[in-house]
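Below, each chain spelled out in residue letters.
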Amino acid sequence: MSLFANSEAENLRRNQPLAARMRPSRLVEFVGQQHILGEGQLLRRMIAARRLGSIIFFGPPGTGKTTLAHLIANETGSSFRQLSAVTSGVKELREVLAWAQDEVASGSGRPLLFIDEIHRFNRSQQDALLPDVESGVVSLIGATTSNPFFSINGALLSRSQLFQLHSLTTDEIVALLHRALTDKSRGLGAIRVEAEDDALQWIAEQVEGDARRALLALEIAVLSSGTSPVKLTVQAAQESMQRKQVGYDATGDDHYDLASALIKSIRGSDTDAAIYWLARMLDGGEDIRFLTRRLVILASEDIGNADPNALPLAISAMQACEFIGMPECQLTLSQTVAYLALAPKSNASTVAISQAKKDVLEKQLIPVPIHLRDSHYKGAAQLGHGVDYEYSHDAPDGVSQQIYFDAIKHLGYQPQYYQPVDRGYEIELAKRIDKLRKRLHP
C-alpha cells in the first residue's frame, strides 16, 4: 500500500507543471517580498513566534501568496486546509470550520485555513468566518489580487494583519529561472540546457514580475526544443511565449490606478508619461467613453481659463471618438492628451466653486436682491421684483455698478472666490477681474 501510494505521489509530482514543482518547501528558499519577510520584519516575527492570528495577502498574480501560506503552515507546524472562494460555498466553509474546532478541542493547536481569492466570497460568506477568527479557533490566511479595502468586509479586515506582496524584480525572476535549470530533482537540471543570459533576461522582463508565467515559458522553451543540448536563445524564448500580457483589469484596481496616473501626469505637464499611461489603458481595453469623460473633466478642473481652448478640444475629442471608434480614435486621444498636458494649468475655477459651496453650506444664505429677481410674470412689479435693475449694456463700458449679492451683510466678508493664476490666458483675466472688483465693490 505504501509502495503504491509513493508511486502515485511521484507520478502526480512528475506531471505537475514546473512552477508547481519548483514551489519552495522552506521559507529560506522563498524569493522576494523582503519588505515583509526580511529579518526583523513583522511577518517574519509573527512566523517565528507562531502568533499568526488572521492575515490577508494581496498583490498581483505570481508573487507567491499561495506558496507563502503553505510555507507558513510548515514553519509553524500548523494543520492546514485550503479552500478556493471560486469553487467553495458556505457548506464547504462550515465543514472546514467544524474541522478546525475539533482540532482545537483535541488539543492539536490552532489550525491554519488558507482561502484563495477570498474577495470572491460574498458578504455572508465572509461574515461566517468572523466568529471563529475572533475566538482564535482558526488562523485565517486570505489571498486576493483585488484591493482588500474594496473587496473585503470591514469587520474581517479590521481583525486581520494586511500584507501587500509586490511583483518580483527582473533579477529575482532570473534567479528563479537559474534555479529551475539547475535543480535535478524538481526542475530541469536533468536536461542539458545551454541558456543565453539574454534569453533568461528577456523572459524575466516580459512576465511583469509573475514567477509562475516565467517558469511556464521556460518549461515550454526547453521541452519543445527537440534538440540536445537544448539551445535556449532569445528567439527560442520569444517563440515559447504568447503576446506580452499588459496586466490590466479594466474593472478592478488597475482601472483606477492607471486612470489616476494618467490624470496626474497630465496635471503635472509630463506629456510622455501621460501618453504612456494612455497606451496602457488602451491596450488593456479601457472604455473609450470613460477616458474621454475624464479628459473633459480635467480640462475644466486642472486647466480652466488658463487655456480656454482646452475644454472645447476635449469635448471635440469625445465626439470624434464616439464617431470613429477604435482603433483610429487612439490618434485623437493621443493628440488631446498631449495638448492638455502641455496646456498652462489652473485650478482657479475648481477652488472657486468649492469655496462658494462651502459658504452656501456653512454660512447664512444670501437672499436674491429685489432688483435681480425675476420680473417676467404678471404681478412681479407689485412685489417690486426687477425694479431699479440697471441693464449693463446701457452702461458706457458695459459694466453696471450695482449690488449683485450682499455678501458683507450676510457672510461678514466680501469673497473673492475666483483667483486667476499667473499662467496662460488667466494672466489677462487677473488684470480684468482686479479692475472689475474695484468698480463693483469700492
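Everything discussed here concerns the structure shown above.
Residues numbered from 1 in each chain as written. Predicted model: local features only at pLDDT ≥ 70, side-chain atom pairs only at ≥ 80, totals over all residues. Heavy atoms only, no water.

### Some thoughts on the overall build of the protein chain
Inference 1: Each helix and strand in the protein chain was counted, giving 22 helices and seven strands.
Inference 2: For a compact globule of 442 residues, the expected C-alpha radius of gyration is about 22 Å, and the protein chain comes in at 32 Å, more than 25% above that figure.
Inference 3: A fraction of 71% describes how many contacts in the protein chain between residues 6 or more apart in sequence connect residues 24 or more apart.
Inference 4: Of the roughly 24,700 Å² of accessible surface on the protein chain, a fraction of 52% belongs to carbon and sulfur atoms. (Helix = DSSP H or I, 4+ residues; strand = E, 2+ residues; numbered from the N terminus. Rg over C-alpha atoms; globule rule 2.2 N^0.38 Å. Contact = heavy atoms within 4.5 Å. Areas by Shrake-Rupley, 256 points an atom, 1.4 Å probe, with all protein chains shown as cover.)

### Things to note about the layout of surface pockets
Inference 1: As a volume, the second largest pocket reaches approximately 480 Å³.
Inference 2: What lines the second largest pocket is a set of 25 residues, among which Gly 62, Gly 64, Thr 67, Ala 211 and Arg 212 lie closest to the centre.
Inference 3: Of all elements in the fold, only α2 (18-21), α5 (65-76), α10 (170-182) and α12 (211-223) reach the threshold of two or more residues within the lining of the second largest pocket.
Inference 4: Each residue belonging to the lining of the second largest pocket can be placed in one class, and the counts come to 12 nonpolar, six polar and seven charged. (1 Å grid on protein atoms, 1.4 Å probe; cavity = no way out; pocket = protein on both sides within 12 Å on 5 of 7 lines; lining within 4 Å. Points joined across faces, edges and corners; volume = space filled by probe spheres on them. Nonpolar A, V, L, I, M, F, W, Y, C, P; charged D, E, K, R; others polar.)

### Details of the environment of Ile 203
Inference 1: The topology assignment puts Ile 203 in helix α11 (residues 197-206).
Inference 2: As a C-alpha pair, Ile 203 and Leu 218 span 15 residues in sequence and 7.9 Å in three-dimensional space.
Inference 3: Beyond its immediate sequence surroundings of up to four residues, Ile 203 is in contact with Leu 177, Ala 214, Ala 217, Ala 237 and Met 241.

### Comments concerning the packing of aromatic side chains
Inference 1: Tallying each qualifying case throughout the model produces three aromatic pairs.
Inference 2: Look at Phe 80 and Phe 114: their rings are 6.5 Å apart centre to centre, the planes differ by 20 degrees, and that puts the pair in the stacked class. Of this pair, Phe 80 sits in strand β2 (residues 80-84) while Phe 114 sits in strand β3 (residues 112-116), and the two are 34 residues apart along the sequence. (Phe/Tyr/Trp six-rings, centres within 6.5 Å; stacked < 30°, edge-to-face > 60°.)

### A closer look at unusual backbone geometry
Inference 1: Looking along the chain, the bond that leaves Ser 228 and enters Pro 229 is cis, with omega of 0 degrees.
Inference 2: Checked against the element boundaries, Pro 229 lands in the loop between α12 and β7 (230-232).
Inference 3: Residue Glu 117 is not a glycine yet carries a positive backbone phi of 55 degrees.
Inference 4: Its place among the elements puts Glu 117 in the loop between β3 and α7 (123-135).
Inference 5: Overall, the relative accessible area of 22% leaves Glu 117 in the partly exposed class.
Inference 6: In the Ramachandran plot, Glu 208 falls in the positive-phi region, its phi being about 55 degrees despite a non-glycine side chain.
Inference 7: With respect to the helices and strands, Glu 208 occurs in the loop between α11 and α12.
Inference 8: On the basis of relative accessible area, Glu 208 is assigned to the partly exposed category, the value being 39%. (Buried < 20%, exposed > 50% of the residue type's maximum accessible area, 1.4 Å probe, protein only.)

### Re the sheet that holds β3
Inference 1: The parallel open sheet is built from five strands, whose spatial order is β2-β3-β4-β1-β5. Whereas interior strands pair on both sides, the edge strands pair on one side only; in this sheet they are β2 and β5 (161-164). Strand-to-strand, the axes of this sheet are offset by a mean angle of 15 degrees, without reference to chain direction.
Inference 2: Pairing analysis gives four bridges linking strand β1 (residues 55-58) to β5, with the strands arranged parallel. Directly across from Ile 56, in β5, lies its bridge partner Leu 162. (Pairing = 2+ DSSP bridges. Axes fitted to C-alpha atoms, helices over the stretch in contact; angles between N-to-C directions.)

### Some words on the pairing of strand β4 (residues 139-144)
Inference 1: Across the six residues of β4, six count as buried, placing the element largely inside the fold.
Inference 2: Side chains Ser 139, Ile 141 and Ala 143 project from β4 onto one buried face, and the interleaved Leu 140, Gly 142 and Thr 144 project onto a second face that is buried too.
Inference 3: One ladder, built from four bridges, connects β1 with β4; its direction is parallel. Opposite Phe 57, over in β4, you have Ala 143 as the bridge partner.
Inference 4: Relative to β4, β3 runs parallel, the two being bridged by five bridges. Pairing of Leu 113 across the sheet is with Leu 140, part of β4.
Inference 5: For the crossover from β3 across α7 to β4, the handedness is right-handed. (Right-handed = clockwise from strand over helix to strand, strands pointing away.)

### Digging into the pattern of salt bridges
Inference 1: The final tally for this structure, using the stated rule, is 13 salt bridges.
Inference 2: Across the pair Glu 194 and Lys 231 runs a salt bridge whose closest N-O atoms are separated by 2.6 Å. Within this pair, whereas Glu 194 is found in strand β6 (residues 193-195), its partner Lys 231 is found in strand β7, the two being separated by 37 residues in sequence.
Inference 3: In this structure Lys 231 comes out as partly exposed when scored by relative accessible area, which is 49%.
Inference 4: In this structure, the salt-bridge partner of Lys 438 is Asp 434, at a minimum N-O distance of 3.4 Å. In this pair, Lys 438 and Asp 434 are both assigned in helix α22 (residues 426-440), four residues apart and thus about one turn of the helix distant.
Inference 5: Each of the salt bridges in this network shares a partner with another, and the network as a whole consists of Arg 26, Glu 29, Asp 183 and Arg 186. (Salt bridge = Lys/Arg side-chain N within 4 Å of Asp/Glu carboxyl O.)

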